[in-house]
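# Inside the fold
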Amino acid sequence: MSAFMSRLLPRRSDYAGLRGSWRGDAVAGVTVGVVALPLALAFGITTGLGATAGIMTAIVAGLVAGVFGGSNVQVSGPTGAMTVVLVPIVAQSGADAVYVVGLMAG
């Protein structure tokens, strides 16, 4: 299990260019936050679970993607497709399933 988890987590070499790119990364993070948080609110409201569910799903998925993600071309964040995915899941499995889906999305 330990070897499996170590392959999933980022390595030191993944952060090699961080000293030169952290300012751009910070600006990109703020930009994504400005767009993603209101979008997550809207998705939560659209599914009928409320704004809190949208925010929690976006935060959990973002944290999971941040920890286990890892490529320069990967983009993570809420998308319009999440509403299409969440509405039938809520209808079939209930509101508690949204937390599992948020974790899986990350």
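Above: the structure in question.
Before going into details, it helps to say that this report is about the structure given with it. (Residues numbered from 1 in each chain as written. Predicted model: local features only at pLDDT ≥ 70, side-chain atom pairs only at ≥ 80, totals over all residues. Heavy atoms only, no water.)

Once that is clear, we can look at the overall build of the protein. If you tally the helices and strands in the protein, you get 5 helices and 0 strands. When the elements of the protein are put in sequence order from the N terminus, they spell out α-α-α-α-α. Contacts spanning at least 24 positions in sequence make up 63% of the contacts within the protein whose residues lie at least 6 apart. When the accessible surface of the protein is summed, it comes to about 7,400 Å², and 68% of that surface belongs to carbon and sulfur atoms. (Helix = DSSP H or I, 4+ residues; strand = E, 2+ residues; numbered from the N terminus. Contact = heavy atoms within 4.5 Å. Areas by Shrake-Rupley, 256 points an atom, 1.4 Å probe, with all protein chains shown as cover.)

All right, on to the packing of helix α2 (residues 18-47) against helix α3 (residues 51-68) then. Packing of α2 against α3 brings their axes to within 6 Å, and their N-to-C directions diverge by 130°. As far as their axial angle goes, α3 and α2 are oblique. Here α2 and α3 pass one another in a crossing that is right-handed. Residues L37, A40, L41, G44 and I45 of α2 touch α3, and the partners they reach there are A51, G54, I55 and A58. A class-by-class count of the residues in the contact of α2 with α3 yields 7 nonpolar, 2 polar and no charged. (Axes fitted to C-alpha atoms, helices over the stretch in contact; angles between N-to-C directions. Parallel < 35°, antiparallel > 145°, perpendicular 65-115°, else oblique. Left-handed = near helix turned anticlockwise from the far one by under 90°. Nonpolar A, V, L, I, M, F, W, Y, C, P; charged D, E, K, R; others polar.)

Next up on the list: α3. The end-to-end C-alpha distance of α3, which contains 18 residues, comes to 26 Å, matching closely the 26 Å that a straight helix rising 1.5 Å per residue would cover. Within α3, burial applies to A53, G54, T57, A61, V64 and A65. In a view along the axis of α3, the buried residues occupy a sector of 110°, so they form one face of it. Turned more than 90 degrees away from the buried face of α3, the exposed residues are T52, L63 and G66. (Expected span 1.5 Å × (residues − 1). Buried < 20%, exposed > 50% of the residue type's maximum accessible area, 1.4 Å probe, protein only. Arc of directions from axis to C-beta.)

Relative to the 44 Å expected for 30 residues at 1.5 Å per residue, α2 spans just 38 Å between its end C-alpha atoms, considerably shorter than the ideal helical length. A bend of about 30° at G24 is the largest found in α2. For α2, the full list of buried residues reads A36, A40, F43, G44 and T47. Among the residues trailing α2, G48 stands out with phi positive, at a value near 90°. (Bend = angle between axes of the 7 residues up to and from the residue.)

Relative to the helices and strands, G50 resides in the loop between α2 and α3. On the accessibility criterion, G50 (23% relative accessible area) is partly exposed. Beyond its immediate chain neighbours, meaning those up to four positions away, G50 contacts G44 and I45.

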